[in-house]
Every structure is written in C-alpha cells, then in structure tokens.
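Notes for the structure review
Spelled out from the first residue to the last, the chains are:
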Amino acid sequence: MSRSEKDMNRLETLLFALPQENAPMTLSELDGYVTGLLTCPEMIQPSEWLPDVWGETGDAQFPDLKAVQETTAAVMAHYNSVAQGITQGRWLEPIYEVDPNSDETLWEPWLDGFVTAQALRPQAWADLYDRSDKKTQSSLQFFMALHDIYTGNATFDDKTVDEIDESAPNIIPNCVATILKSSRPELFQPANGNAAPARKTKIGRNDPCPCGSGRKYKLCCGAH
C-alpha cells in the first residue's frame, strides 16, 4: 500500500513529538532505516529495531498508551509500505530532506538511517559482500563512500566529493535494488524499468489496445 502525503505528515509529526533531546529519527532517517532493515540478509524483529527509532537511549518516554500505539502503528505502517513496494517491484523512492535555504536535496539523513540498520547485523552484511557479484559489491562500496563523505573521512578530492554528492540521490535507489537481488532474492521483484522483456503475443484488431487507452487496437496503436 502506498503512503499518502497525509500519512507521511502524520508520521513526521509523531516522530517530532518524541523527546528531541534523545535525538529520535527524522522521517528521512526512518525511511533509510527501514530500507536497510528490509535489505539486510537476515530478518530483524521489530522488538530489536524499534528502540533505535525512539532515539539514543531507546526510550520513547511516551506519555500514555494511546501515544505508544499510534506512533508504533505509524512506524510499522511505513515499514510495511516500503516492504510492499519492494515485493511488488515498484520503483524505490527514498524520502530525502531538502535544505529550505538552498533547496538542495540532502541524502545524508537517509543514509544515516540505512547505516544504523546495517549496524544491527554487521557480520551478515560482511558475509553478503564476500559472496556477492561485482555489481553488488560496487553498490555496497558506494554506500561506504557516501558514509565516509558524510562523516568527513573521505579521501576523495573536493571535485569528486561534489560530483558524488550531486549524483547520490539518483544513484541510491539503483544501489538498493542491486543489493536486494543478492540479499533478499525472495522479496525482490524487478521494477518496471528493469523487468524482463514481455512476451510478444498476437493482438486481434478488435481486441482492447494494450496501451491501456480503452479503445480497440485497430482504432488506436494498430492504426499507425
């Protein structure tokens, strides 16, 4: 199920209502986090990963049961939405933050969430790297490079850093899709752009046009 803008705004509000001094996840961090959880070669139960969402101490300090249920339900709904998008082969659309002053797309919070998820199963990720093909390893290396840039540990020159920074938002979804093929093949379905070629079948002139127009083939694409 795809999440509406209303759902996203509500989730963002609930996350912001958590004690900010505890540094709870932002919406973009959470999106990267659940993507990392779903991409992980090992299944991780919510009881283990939810505390990271609430912040550094893992204590959400909910004021009442209603707040517990509402916030947890909203987080799980987003997790399920991302999972369903993966299994149905929809194009992954990461939730990035945008700098209000420059309109720059900020991939760093999303990546921070993804790396936090990886830290829950470091050995599983190391094993995945060792057994993967070169394309998957390159995708994992790209995430490592992004993390080095984010943490100030990159050894690239300034021009290369700027190029990576600018291209990262568009490259990240492709990297996730590539990793998923190796890490969770039972979940991954190719997105439309990467799907296997469709089989060609003969279309009758009076059949509905396959373009979806609702018109007969002879009066639509078959007329050309």
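Report on the accompanying structure.

Brief notes about the nonpolar core
Within the largest apolar cluster, 49 residues are counted, with the highest numbers of intra-cluster contacts made by Tyr-33, Trp-49, Val-53, Val-75, Phe-143 and Leu-146. Counting residues per element, the ones that place at least two in this core are α1 (5-16), α2 (27-39), α3 (46-54), α4 (65-87), α5 (108-118), α6 (122-131), α7 (134-151) and α8 (158-183). Counting residues per element, this core draws most heavily on α8, which supplies 8 residues. For Phe-143, the residues in contact, after removing those within four places along its chain, are Trp-110, Leu-111, Phe-114, Ile-172, Cys-175, Val-176 and Ile-179.

Quick notes on the packing of aromatic side chains
According to the stated counting rule, one finds 7 aromatic pairs in the structure shown. When the ring of Trp-49 is compared with that of Tyr-79, the centres are 5.2 Å apart and the planes differ by 20°; the resulting orientation is stacked. Placement of Trp-49 in helix α3 and of Tyr-79 in helix α4 is noted, with a sequence separation of 30 residues between them. Take Trp-49 and Tyr-79: they sit in the same class, and that class is buried. Centre to centre, the rings of Trp-110 and Phe-114 are 5.5 Å apart; their planes meet at 20°, and the pair counts as stacked. Taken together, the positions of Trp-110 and Phe-114, both in helix α5 and 4 residues apart, correspond to about one turn of that helix.

So, the packing of α1 against α4
It is at 10 Å that the axes of α1 and α4 come closest, and there the two elements cross at 130°. For the element pair α1 / α4, the angle class is oblique. In this structure, α1 crosses over α4, and the sense of that crossing is left-handed. The residues of α4 that touch α1, namely those facing Met-8, Arg-10, Leu-11, Leu-14 and Leu-15, are Glu-70, Thr-71, Ala-74, Val-75 and His-78.

Quick look at the pattern of salt bridges
Taken as a whole and assessed by the stated rule, the structure comprises 4 salt bridges. In this structure, Arg-121 engages Glu-42 in a salt bridge whose closest nitrogen and oxygen atoms are separated by 3.1 Å. Here the residue Arg-121 occupies a position in the loop between α5 and α6, and Glu-42 occupies one in the loop between α2 and α3, the gap between them amounting to 79 residues. Assessed through its relative accessible area of 19%, Arg-121 is described here as buried. Each of Glu-42, Glu-48 and Arg-121 takes part in one network of salt bridges that share partners.

Things to note about unusual backbone geometry
Across the chain, the bulk of peptide bonds are trans and the bulk of non-glycine residues have phi less than zero. At Gln-61, a residue that is not glycine, the phi angle is positive and equals roughly 50°. Looking at the secondary structure, you find Gln-61 in the loop between α3 and α4.

What about the packing of α6 against α7?
Running from N to C, α6 and α7 point in directions that differ by 135°, and their axes come no closer than 9 Å. Taken together, the axes of α6 and α7 are oblique relative to one another. Each of Trp-125, Leu-128, Tyr-129 and Asp-130 in α6 lies in contact with α7, whose residues at this interface are Gln-137, Leu-140, Gln-141 and Met-144. Split into classes, the residues belonging to the contact of α6 with α7 amount to 5 nonpolar, 2 polar and 1 charged.

What counts and how
Numbering of residues starts from 1 in each chain and follows the order in which that chain's sequence is written. Note on the predicted model: pLDDT of at least 70 is required for a residue's local features to be given, and 80 or more for side-chain atom pairs to be given and counted; whole-chain, interface and lining totals, by contrast, use all residues. Side-chain measures were taken over the full set of non-hydrogen atoms in the model, leaving aside hydrogen atoms and water. Remark: nonpolar core denotes a set of buried residues (Ala, Val, Leu, Ile, Met, Phe, Trp, Tyr, Cys) joined through side-chain atoms within 4.5 Å. Categorising residues by exposure relies on relative accessible area from a 1.4 Å probe, with only protein chains included: less than 20% of the type maximum marks a residue as buried, more than 50% marks it as exposed, and the intermediate range marks it as partly exposed. For the purposes of this entry, the term helix denotes a DSSP run of H or I that reaches at least four residues, the term strand denotes a run of E that reaches at least two, and both are numbered from the N terminus. Note on definitions: a residue-residue contact is assigned when non-hydrogen atoms from the two residues lie within 4.5 Å. Between rings of Phe, Tyr and Trp, where Trp is taken as its six-membered ring, a pair exists when centres lie within 6.5 Å; planes separated by under 30 degrees are stacked, by over 60 edge-to-face, and by other angles tilted. The axes are straight lines fitted to the C-alpha atoms, using for helices just the contacting stretch, and the angles between their N-to-C directions are given from 0 to 180°. Orientation categories follow fixed angle ranges, with anything under 35 degrees roughly parallel, anything over 145 roughly antiparallel, 65 to 115 roughly perpendicular, and all other angles oblique. Here a crossing is called left-handed whenever its near helix is offset anticlockwise from the far helix by less than a right angle, and right-handed whenever the offset is clockwise. Salt bridges are counted wherever a side-chain nitrogen of Lys or Arg sits within 4 Å of a carboxyl oxygen of Asp or Glu. Following the grouping adopted for this structure description, the nonpolar residues are Ala, Val, Leu, Ile, Met, Phe, Trp, Tyr, Cys and Pro, the charged ones are Asp, Glu, Lys and Arg, and the polar ones are all others, Gly among them.

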